[in-house]
Amino acid sequence: MRRYQEMSDREMSDRLTSAVMHHPLTRATAPDYDEAEQLFLTLLNTPALDENLEQLLPTRESFEKAVAAALVAAYGDVYNSNEAHRFLQRVLYRINRLKFFWYDALSNYENERSLYLQTIRNQIEAAWQSWELSQLDVDSLKQLDVVSALRDRVAADLDPELSATGRYFRDEMTLAGYRKLLEIASLDGLIEASQLSRMLGGVANEVHSVLTRLVVEEYGAGKLARKHSTYFATMLSDLGMSTEPEAYFDAVPWEVLAIINHSFLLSERKRDFLRYAGGLLYGELSVPAGFNPYYAAAQRLGLSDNAMSYWTLHIKVDQLHGRWMMDEVALPLVDRYPADAWELVLGYDQQRLMSDRAGEATARAVREADLEG
């Protein structure tokens, strides 16, 4: 065990890095990712995992080979595999969720601080984040006038022209599609603002106070009936759907999981505080425009007020939250960190890019549900 603690992270890094560089992967030789995920669950649920790694060597090696193959398939130049993306994001999510308390068996958290799980997470995140950043021209962001760049983006995203995807949700989505939408959104909706709560520790200041105010509102000022996630549960209940967190985990596209895992990552690393704040700015101010088509669809389908209550609430309150984030968080952070302020724009642009990607994936799933009836 002592040797694993001292050496395993470097050894694992070398092994997976070598595999990523030299793995002769083709579509025909891609691993069975479902089987690999089951191997991972065996590891995840093994009591005292780090103390029992030697006994689990065959399971570990098979799982690690699948991770290496998936890193090539998802982030290499060979091909962009949805199956590999999905596998990696599901593994990351299962590790990250250990940071939340789910009011289940305490034994489920025995491996919360496992060095082995941390090593797997770090290896996936390193390749994934490099790939994500390659989608943006980061160098050009460093040259921007940050205040002007943020103001221009906020003005454009507050009331954008409705996209083709938005029009589909508003005008064509059936009840089957609406239920699929709720399934996908429930993974985050039922634990809303949980990652934000992890950003509140530290020295008191005005920015900290605004973020605290935001969390207090999201959490219903301590009253469960007013907590925003309760409104989501109400929508599910009204349609006879499960309100159990993660009940629809298998319905969630990897693009949506990536946003959740991205939030876990940035809220974990205080060095990325500005990047997280930029992403939160986009998330809060864009919600009204994003949720309006869902609300309009629910009205068109003749659903009850309860079946659209989460959308209604956020269309109203997130207009205010967006102003808080711009005027009382982003702009003060520009003044406080002028040399690093461009990271606010990076966080904003990355959140917008990932949200657009997730929206398209959700729309595809909704259309399939509509066709199936």
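What counts, and at which threshold
Residues numbered from 1 in each chain as written. Predicted model: local features only at pLDDT ≥ 70, side-chain atom pairs only at ≥ 80, totals over all residues. Heavy atoms only, no water. Helix = DSSP H or I, 4+ residues; strand = E, 2+ residues; numbered from the N terminus. Rg over C-alpha atoms; globule rule 2.2 N^0.38 Å. Buried < 20%, exposed > 50% of the residue type's maximum accessible area, 1.4 Å probe, protein only. Contact = heavy atoms within 4.5 Å. Patch = residues over 30% accessible without salt bridge, like charges linked within 9 Å, V, L, I, M, F, W, Y side chains within 5 Å. Areas by Shrake-Rupley, 256 points an atom, 1.4 Å probe, with all protein chains shown as cover. Salt bridge = Lys/Arg side-chain N within 4 Å of Asp/Glu carboxyl O. pLDDT = per-residue confidence, 0-100. Core = buried A, V, L, I, M, F, W, Y, C linked by side-chain atoms within 4.5 Å. Phe/Tyr/Trp six-rings, centres within 6.5 Å; stacked < 30°, edge-to-face > 60°. Lys NZ or Arg CZ within 6 Å of the ring centre and 35° of its normal. Axes fitted to C-alpha atoms, helices over the stretch in contact; angles between N-to-C directions. Parallel < 35°, antiparallel > 145°, perpendicular 65-115°, else oblique. Nonpolar A, V, L, I, M, F, W, Y, C, P; charged D, E, K, R; others polar. Expected span 1.5 Å × (residues − 1).

This part is about the overall build of the protein chain. Per the secondary structure count, the protein chain includes 16 helices and zero strands. In summary, the protein chain has a C-alpha radius of gyration of 21 Å against a globular reference of 21 Å for 373 residues, a match within 12%. Counting only C-alpha atoms, the protein chain reaches 55 × 55 × 40 Å along its principal axes. The proportion of buried residues among the 373 residues of the protein chain is 52%. Counted over contacts in the protein chain with a minimum sequence separation of 6, partners at least 24 positions apart contribute 81%.

A contiguous nonpolar surface patch, about 430 Å² in accessible area, is contributed by Phe101, Tyr103 and Leu106. For Leu106, the position within the fold is in the loop between helix 4 (82–96) and helix 5 (115–133). For Leu106, a relative accessible area of 66% puts it in the exposed group.

Backbone geometry places Ala48, a non-glycine residue, at a positive phi of 50°. Mapped onto the elements of the fold, Ala48 is located in the loop between helix 2 (33–44) and helix 3 (57–75). Of note, Tyr103 is a non-glycine position whose phi angle comes to about 55°, a positive value. Positionally, Tyr103 belongs in the loop between helix 4 and helix 5.

Moving on, we come to the confidence of the model for the protein chain. Caution applies to low-pLDDT regions: their predicted coordinates should not be interpreted in detail. The pLDDT averaged across the protein chain works out to 92; a share of 92% of its residues lies at or above 70. In this model residues 1–8 is a low-confidence stretch, pLDDT under 50, and it forms eleven contacts with partners more than four residues away in sequence or in other chains.

Here we take up the nonpolar core. Within the largest apolar cluster, 49 residues are counted, with the highest numbers of intra-cluster contacts made by Phe63, Phe87, Leu88, Val91, Tyr116 and Leu117. For this core, the secondary structure elements donating two or more residues are helix 2, helix 3, helix 4, helix 5, helix 9 (175–189), helix 13 (254–268) and helix 16 (342–372). Sort the elements by how many residues they give to this core and helix 3 lands first, with eight residues. Residues in contact with Phe87, not counting those within four places in the same chain, are Tyr33, Ala36, Glu37, Phe63, Ala66, Val67 and Ala70. Membership of the second largest hydrophobic core comes to 37 residues, among which are Ala277, Leu280, Tyr282 and Val334.

What follows concerns the pattern of salt bridges. A complete count under the given rule lists 20 salt bridges for this structure. With a closest N to O distance of 3.2 Å, Arg213 and Glu328 form a salt bridge. Remark: Glu328 occurs in helix 15 (residues 309–336) and Arg213 occurs in helix 11 (residues 206–218); sequence separation between them is 115 residues. A relative accessible area of 32% places Arg213 in the partly exposed class. Overall, Glu328 belongs to the partly exposed group, its relative accessible area being 30%.

Applying the stated criterion across every chain, the model contains 18 aromatic pairs. Taking the centre distance of 5.6 Å and the plane angle of 75° together, the rings of Tyr310 and Trp311 count as edge-to-face. Here a set of aromatic residues connected by ring pairs shows up, and it is made of Phe169, Phe232, Phe291, Tyr294, Tyr310 and Trp311. Its guanidinium or amino end placed over the ring of Tyr219, Lys227 lies 4.3 Å from that ring's centre, counting from NZ or CZ. Sitting over the face of the ring of Tyr337, Arg336 holds its NZ or CZ atom 4.8 Å from the ring centroid.

Packing of helix 5 against helix 16 brings their axes to within 11 Å, and their N-to-C directions diverge by 95°. By the criterion of interaxial angle, the relationship of helix 5 to helix 16 is roughly perpendicular. In contact with Trp128, Gln129, Trp131, Glu132 and Leu133 of helix 5, helix 16 contributes Leu346, Gln350, Met354 and Arg357. Class assignment of the residues belonging to the contact of helix 5 with helix 16 gives a composition of five nonpolar, two polar and two charged.

All right, on to helix 3 then. Spanning 19 residues, helix 3 covers 26 Å between terminal C-alpha atoms, matching the ideal 27 Å at 1.5 Å per step. Extensive coverage of helix 3 is indicated by the burial of 14 of its 19 residues.

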